[in-house]
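Read off the chains here:
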Amino acid sequence: MKKIIPSFITVLFLLFIFSAEFSVSSLDMQAVGLVVEPEPVVDVAVPIQADYANGKITIGGKGGSAEALVKPHKFEFKDIGKGNLILVNQSYPVEKHFFHPAMSDLEGRVPCSKSSLILAEEAANQLAKMFEDAKSEGVNDLTVVSAYRSYSYQTALFNNKVNTYIKKGKTKSEAKKLAGKVVAAPGTSEHQTGLAVDIFSKELLQRTGGLEEVFDQSDEGKWLIKNSHKYGFILRYPQDKQDLTRIIYEPWHYRYVGKPHAEIMVEKNMCLEEYIEYLKENQRIEYTSSNGETFLIYYLDNASDLNDIEVYAYVGQAVNASSDNTGGLILTVRMDKII
Ligand SMILES: [Zn+2]
């Protein structure tokens, strides 16, 4: 009993010291307007770590004294080889049986000039939203002329074009070269990815009978150039990028790349070929979009074998993962939750 009483007094004394210490520091914090709750400490500067053998990517890491509080969020991405940022052109084709895993009908959702048009679900949802907003701004004559095209359909289109040049007296190889500038050779068409869509004006289509450059002078064409990036679409074959895309200027051909990539590309005046190169060179970029969302975009080399991956994010939210079809992986992380 004699031993307990002094111990009891010691405990009381210590409690008094601690509570005094705590109330002083709380007051100090309130005085400068600080948040009292302890924040998990994360280390944003830790580079991304990739375990390719197990398809696991880790962003950021634990650090500081609150280490135990930090648990990574797990995100799963499937079929990243069919993701929003794949580059498809004459140098980087897709295979014959490439088919996007989640396709959606456009019929009944947006005006279409043909039946049975389909597009990748995410792109279709954004397209519908874009058409609705255009309509609410008085631009109500938009129509979809072409969306997903199969390898065999593209083959027929390409061969038709080759034949028209042969009829004009060109040799077969000359005809193929010329046709390739106007109609993508099978496997090199973005339409096979389910992420590309040809958009035109209904009234203009009746007059021209086909897709013509003059579309960029119509209200519809102008509206798309100005606004499509807000929905994750880019004008894929701009006038001033023909030497890079190796495709003629097509003011009707829009490609879904998702947010915030479309906005960055417009801001930097980059076509997809340039943007992939830019990410490859920088490996990690930080971007704050016009609506205030901050993103970290990572580029990982030598990731061509990855298809289904797990992402463990200590910082932000992994919102998208896509292969680039040139051997790299692009990971998009939204930072609004933590920072
Ligand atoms: Zn097209």
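Residues numbered from 1 in each chain as written. Predicted model: local features only at pLDDT ≥ 70, side-chain atom pairs only at ≥ 80, totals over all residues. Heavy atoms only, no water.

**Quick look at the overall build of the chain**
Now for step 1: In terms of regular secondary structure, the chain is built from 9 helices and 16 strands.
Now for step 2: Buried residues in the chain amount to 44% of all 339 residues.
Now for step 3: For the chain, the proportion of contacts with a sequence separation of at least 24, taken over those separated by at least 6, is 66%.
Now for step 4: Looking at the chain as shown, the accessible area adds up to about 18,200 Å², and 53% of this sits on carbon and sulfur atoms. (Helix = DSSP H or I, 4+ residues; strand = E, 2+ residues; numbered from the N terminus. Buried < 20%, exposed > 50% of the residue type's maximum accessible area, 1.4 Å probe, protein only. Contact = heavy atoms within 4.5 Å. Areas by Shrake-Rupley, 256 points an atom, 1.4 Å probe, with all protein chains shown as cover.)

**Things to note about the packing of helix 3 (residues 151–167) against helix 4 (residues 172–182)**
Now for step 1: Packing of helix 3 against helix 4 leaves a shortest axis separation of 8 Å and a crossing angle of 125 degrees. Classified by the angle their axes make, helix 3 and helix 4 are oblique. The hand of the helix 3/helix 4 crossing is right-handed. Residue-level inspection shows F158, K161, V162, Y165 and I166 of helix 3 in contact with helix 4, the latter providing K172, A175, K176, L178, A179, G180 and V182.
Now for step 2: Split by residue class, the contact of helix 3 with helix 4 holds 8 nonpolar, 1 polar and 3 charged. (Axes fitted to C-alpha atoms, helices over the stretch in contact; angles between N-to-C directions. Parallel < 35°, antiparallel > 145°, perpendicular 65-115°, else oblique. Left-handed = near helix turned anticlockwise from the far one by under 90°. Nonpolar A, V, L, I, M, F, W, Y, C, P; charged D, E, K, R; others polar.)

**Here we look at the packing of aromatic side chains**
Now for step 1: Per the counting criterion, the structure on display carries 5 aromatic pairs.
Now for step 2: Each ring, one from W223 and one from Y231, has its centre 6.3 Å from the other, and the planes form 35 degrees; the classification is tilted.
Now for step 3: It is K82 that lies over the ring of F98; its NZ or CZ is 5.4 Å from the centre. (Phe/Tyr/Trp six-rings, centres within 6.5 Å; stacked < 30°, edge-to-face > 60°. Lys NZ or Arg CZ within 6 Å of the ring centre and 35° of its normal.)

**A look at the sheet that holds strand 5 (residues 73–77)**
Now for step 1: Spatially, 2-3-14-5 is the arrangement adopted by the 4 strands of the open sheet, whose pairing is mixed. Strands at the two margins of the open sheet, each flanked by one partner only, are strand 2 (49–51) and strand 5. Across the sheet, the mean angle from the axis of one strand to that of its neighbour is 20 degrees, orientation sign disregarded. (Pairing = 2+ DSSP bridges.)

**Structural notes on the sheet that holds strand 15 (residues 317–323)**
Now for step 1: Strand order across the open sheet formed by 4 strands is 12-13-16-15, with antiparallel pairing between neighbours. With partners counted over all chains shown, the strands left at the sheet margins are strand 12 (284–288) and strand 15, one partner each. Here the average twist between neighbouring strands, direction ignored, is 20 degrees.
Now for step 2: Where strand 12 and strand 13 (residues 294–300) come together, 5 bridges link them in antiparallel fashion.

**Remarks on the confidence of the model for the chain**
Now for step 1: For the chain, the mean per-residue pLDDT works out to 87, and 83% of the residues sit at or above 70.
Now for step 2: Throughout residues 11–33 the model reports pLDDT below 50, and contacts reaching past four residues in sequence, or to other chains, amount to 3 contacts. (pLDDT = per-residue confidence, 0-100.)

**Considering the coordination of the zinc ion**
Six octahedral donors around a metal ideally subtend angles of 90 or 180 degrees, whereas four tetrahedral donors ideally subtend 109.5 degrees.
Now for step 1: For the zinc ion, every protein donor is listed as H191 (NE2), D198 (OD) and H253 (ND1), and the spread of their distances is 2.1 Å.
Now for step 2: Every donor residue of the zinc ion comes from the same chain, spaced as H-x6-D-x54-H. Here D198, found in strand 9 (residues 196–201), pairs with H253, found in strand 11 (residues 253–256); they are 55 residues apart in sequence, far enough to count as distant. (Donors = N, O, S within 2.8 Å, 3.2 Å for Na, K, Ca; no water.)

**Examining empty space enclosed by the protein**
Now for step 1: On inspection of all chains with the given rule, the structure shows 1 cavity of 30 Å³ or more.
Now for step 2: When its volume is computed, the largest cavity comes out at roughly 60 Å³.
Now for step 3: Residue lining of the largest cavity: V88, N89, Q90, G180, A184, A185, T188, Y237, T245, R246 and I247, and that is the complete set.
Now for step 4: Here the lining of the largest cavity is composed, by residue class, of 5 nonpolar, 5 polar and 1 charged. (1 Å grid on protein atoms, 1.4 Å probe; cavity = no way out; pocket = protein on both sides within 12 Å on 5 of 7 lines; lining within 4 Å. Points joined across faces, edges and corners; volume = space filled by probe spheres on them.)

**Some thoughts on helix 2 (residues 121–136)**
Now for step 1: Between the first and last C-alpha of helix 2 there are 23 Å, a value that for 16 residues agrees with the 22 Å anticipated at 1.5 Å per step.
Now for step 2: Turning to helix 2, its buried residues are A123, A124, Q126, L127, A128, M130, F131 and A134.
Now for step 3: Positive backbone phi, at 85 degrees, marks G138, one or two positions downstream of helix 2. (Expected span 1.5 Å × (residues − 1).)

**Examining unusual backbone geometry**
Now for step 1: A cis amide bond links K259 to the next residue, P260, at an omega of 0 degrees.
Now for step 2: Relative to the helices and strands, P260 resides in the loop between strand 11 and helix 8 (261–267).
Now for step 3: Even without being glycine, N269 reaches a positive phi, approximately 50 degrees.
Now for step 4: By the element assignment, N269 lies in the loop between helix 8 and helix 9 (272–282).
Now for step 5: Exposure remark for N269: the relative accessible area of 44% places this residue in the partly exposed category.

**Notes on the side chain of H100**
Now for step 1: In this fold, H100 is placed in the loop between strand 5 and strand 6 (103–105).
Now for step 2: Relative accessible area serves as the criterion here: at 12%, H100 is assigned to the buried category.
Now for step 3: Sequence-distant contacts of H100, that is, excluding residues within four places in its chain, are made with K82, A120, T193 and L195.

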